[in-house]
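The lines below spell out each chain.
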Amino acid sequence: GAQVENSSGTFEKVLIADNTALSSTGGGVKTIGSDIIFNHVTITNNTSYKKAGIGSESSEIIILNSIVRGNNANDPDGFPEDFYISGLDDSEAVIDFSNIGFDWEGENNIDQDPLFVDPGSGDYSLTSMSECIDSGTDYYEINGDIIIEIEPIEYIGLGPDMGAYEYEGNSL
């Protein structure tokens, strides 16, 4: 996994999978006091005591065109396993056009099994039946600031896919 502290940056077209956090949070990614954009990222099958996918503390997080699902927390308090944000007075999360568990409110989010090809063997690409195919966005702005602008030659199909890997076959 990764820990980002007092920093800013972008994770793009990244797979973060099969990690275990020895501390209590952020098996996939832990952010502290940071401004981070996740675009076309797959965060899955990570394990920690709490907040196994993304554990965010006092950070501003933007998640677009991404899959954050199937992470495993052993949390007796019942916090969500895939994404958790704390320090709400100085934290913000924008999650849109993503496949994220627990019905996160946002524009065009889905809460479905991403249908990876063979996660047991580390293949987190999408099968032809995945609802993540063509479900992303090629343009996104917040308050007049362009966050992403993807040219049509950079994706296959009607729109970008969610997750780290663009599906290269024929979608149904």
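Residues numbered from 1 in each chain as written. Predicted model: local features only at pLDDT ≥ 70, side-chain atom pairs only at ≥ 80, totals over all residues. Heavy atoms only, no water.

### Points about the environment of Ser 59
Here comes step 1: The residue Ser 59 is located in the loop between strand E6 (54–57) and strand E7 (60–64) in this model.
Here comes step 2: Polar side-chain contacts of Ser 59 include one of 3.2 Å to the side chain of Thr 31.
Here comes step 3: At 3.0 Å, the side chain of Ser 59 forms a polar contact with the backbone oxygen of Glu 57. (Helix = DSSP H or I, 4+ residues; strand = E, 2+ residues; numbered from the N terminus. Polar contact = N/O pair within 3.5 Å; in protein donor to acceptor, adjacent residues only side chain to side chain.)

### Description of the environment of Glu 5
Here comes step 1: Note on placement: Glu 5 falls in strand E1 (residues 2–5).
Here comes step 2: You can call Glu 5 partly exposed: its relative accessible area is 45%.
Here comes step 3: Residues contacting Glu 5, with those up to four places away along its chain left out, are Ile 32 and Ser 34.
Here comes step 4: Polar side-chain contacts of Glu 5 include one of 3.2 Å to the side chain of Gln 3. (Buried < 20%, exposed > 50% of the residue type's maximum accessible area, 1.4 Å probe, protein only. Contact = heavy atoms within 4.5 Å.)

### Details of the nonpolar core
A general tendency of soluble globular proteins is for nonpolar side chains to be buried together.
Here comes step 1: Within the largest apolar cluster, 15 residues are counted, with the highest numbers of intra-cluster contacts made by Phe 11, Phe 38, Ile 43, Ile 54, Ile 63 and Phe 83.
Here comes step 2: Sorting the residues of this core by element identifies strand E2 (8–17), strand E4 (35–44) and E7 as the ones contributing at least two each.
Here comes step 3: Considering every element that reaches this core, the biggest residue donor is E4, with four residues.
Here comes step 4: Membership of the second largest hydrophobic core comes to 10 residues, among which are Ile 67, Leu 126, Ile 133 and Met 162. (Core = buried A, V, L, I, M, F, W, Y, C linked by side-chain atoms within 4.5 Å.)

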